[in-house]
Amino acid sequence: LASFSLQEVLDAFKLCLSENKEVYLEHYVSGWRGLVKFLNSLGSVFGFISKDAVGKIKILEGYLEGDNSSQYATVQLMVKYELDNQLVDLTKRGNHPESGCRTLLRLHRALRWLELFLERLRVSGQDEKTSVMCADAYDQSLSQHHPWVVRKAAGLAFCVLPGREAFFQVMNVGSAEQVVSVLGEAVPLISEVYQITETLYAEQQLLQLP
Ligand code: 1Q0
């Protein structure tokens, strides 16, 4: 099993955007696969998070490999296809609890957390705690979509995150300076992918999908 590399995740998110700023689902999913690898290397405390992410990745992979795969080439195509064919539960859970739209929305919300967390890491000083950076990013983003019990469990998991130095080592890109420089490249990329998806979902009023 190949070990995690931040560069690999960065490459996947780079490949995500087409020339006319559409988001390729294949590379989006592959970026998440890389992130899950990272999460798994942090230990079993993160298992409940990793399990949920893997479940969602698998759902999207299913569409990518399924009979209608051409309709899932980009997020833009997926949204149009699923809406045009009434494949999305819009107001309450019903016949389509695993639509591509609602599944991607969960990862999309998590991508905002990632953007905030990586930016905090990038500008952090040597003595700053990853657990605090992670919790702050979570409180500003994903936590709003989670019930109390999930927020509680997430908070407990953050406490056992490795320190900044060990964290940088697991990223596997070299010295702290190199990590900071790769993060400087990664954050704007992730941010752009996030913004494009956010705008699309807002236009289609999909930001609250059950
Ligand atoms: C490094 C620490 C990682 C912390 C991840 C923060 C997210 C915490 C989320 C905890 C919730 C997970 C439990 C399940 C929640 C679901 O209810 C929820 C909604 O789905 P549904 O189907 O019930 O409506 N699911 C989600 O909100 C999706 C959560 C996905 C989280 C995916 C996190 C992947 C982790 C990546 C590690 C990134 C490490 C960053 C540094 C690496 C350098 C690039």
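The following refers to the structure shown. (Residues numbered from 1 in each chain as written. Predicted model: local features only at pLDDT ≥ 70, side-chain atom pairs only at ≥ 80, totals over all residues. Heavy atoms only, no water.)

Some points on the layout of surface pockets
Empty space among the atoms becomes apparent when a probe as large as a water molecule is rolled across them.
Part 1 of the argument: Looking at the largest pocket, its volume works out to about 850 Å³.
Part 2 of the argument: Forming the walls of the largest pocket are 33 residues, and the residues nearest its centre are L39, I49, A110, W113 and L142.
Part 3 of the argument: For the lining of the largest pocket, the secondary structure elements donating two or more residues are α2 (25-41), α3 (47-65), α5 (100-123), α6 (130-139), α7 (148-159) and α8 (164-171).
Part 4 of the argument: Examining the composition of the lining of the largest pocket, we find that eight residues originate from one element, α5, more than from any other.
Part 5 of the argument: Counted as a void, the second largest pocket has a volume near 210 Å³.
Part 6 of the argument: Every residue along the wall of the second largest pocket is listed here: Q126, R164, E165, F168, Q169, G174, S175, A176, E177 and V180.
Part 7 of the argument: When residues of the lining of the second largest pocket are traced back to their parent elements, those giving at least two are α8 and α9 (176-203).
Part 8 of the argument: Looking at the lining of the second largest pocket, the element that brings in the most residues is α8, giving four residues.
Part 9 of the argument: Of the residues in the lining of the second largest pocket, the class split is three nonpolar, four polar and three charged. (1 Å grid on protein atoms, 1.4 Å probe; cavity = no way out; pocket = protein on both sides within 12 Å on 5 of 7 lines; lining within 4 Å. Points joined across faces, edges and corners; volume = space filled by probe spheres on them. Helix = DSSP H or I, 4+ residues; strand = E, 2+ residues; numbered from the N terminus. Nonpolar A, V, L, I, M, F, W, Y, C, P; charged D, E, K, R; others polar.)

A look at the site of the ligand
Part 1 of the argument: Contacts to the ligand come from 24 residues, most closely from L6, D52, K56, R102 and H146.
Part 2 of the argument: D52 places a polar side-chain atom, nitrogen or oxygen, 2.8 Å from a nitrogen atom of the ligand.
Part 3 of the argument: A distance of 2.7 Å separates an oxygen atom of the ligand from a polar atom in the side chain of H146.
Part 4 of the argument: Expressed as a share of its isolated accessible area of 970 Å², the protein-covered part of the ligand is 90%.
Part 5 of the argument: For the ligand, the cavity whose grid points lie within 2 Å of the majority of its atoms is the largest pocket.
Part 6 of the argument: Elements represented by at least two residues in the shell around the ligand include exactly α2, α3, α5, α7 and α8. (Near = heavy atom within 4 Å. Polar contact = N/O pair within 3.5 Å; in protein donor to acceptor, adjacent residues only side chain to side chain. Areas by Shrake-Rupley, 256 points an atom, 1.4 Å probe, with all protein chains shown as cover. Sits in = over half its atoms within 2 Å of the grid points.)

Here we look at α8
Part 1 of the argument: Buried residues of α8: R164, F167, F168 and M171, and no others. Angular distribution of buried residues about the axis of α8 spans 100°; they occupy a single face of the element. Exposed positions of α8 whose direction lies more than 90 degrees from the buried face are E165 and Q169.
Part 2 of the argument: Residues of α8 that are buried make contact with α1 (6-15), α2, α5, α6 and α9. (Buried < 20%, exposed > 50% of the residue type's maximum accessible area, 1.4 Å probe, protein only. Arc of directions from axis to C-beta. Contact = heavy atoms within 4.5 Å.)

Some details on the environment of V29
Part 1 of the argument: With respect to the helices and strands, V29 occurs in helix α2.
Part 2 of the argument: Sequence separation between V29 and L104 is 75 residues, and the spatial gap between their C-alpha atoms is 9.2 Å.
Part 3 of the argument: Excluding anything up to four places from it in sequence, V29 contacts I57, L60, E61 and L64.

Looking at the pattern of salt bridges
Part 1 of the argument: Counted according to the given criterion, the structure contains ten salt bridges.
Part 2 of the argument: Note that E192 and K21 form a salt bridge whose closest N and O atoms lie 2.8 Å from each other. In this pair, E192 sits in helix α9 while K21 sits in the loop between α1 and α2, placing the two residues 171 residues apart along the sequence.
Part 3 of the argument: Residue classification places E192 among the partly exposed positions, given a relative accessible area of 30%.
Part 4 of the argument: K21 sits in the partly exposed class, given a relative accessible area of 41%.
Part 5 of the argument: In this structure, K80 and D84 form a salt bridge, with 2.5 Å as the shortest nitrogen-oxygen distance. One end of the pair is K80 and the other is D84, both in helix α4 (residues 75-84) and four residues apart, which spans about a single turn.
Part 6 of the argument: Assessed through its relative accessible area of 52%, K80 is described here as exposed.
Part 7 of the argument: Classification of D84 by relative accessible area gives partly exposed; the value is 46%.
Part 8 of the argument: By sharing partners, the salt bridges in this structure join R120, E128 and D136 into a single network. (Salt bridge = Lys/Arg side-chain N within 4 Å of Asp/Glu carboxyl O.)

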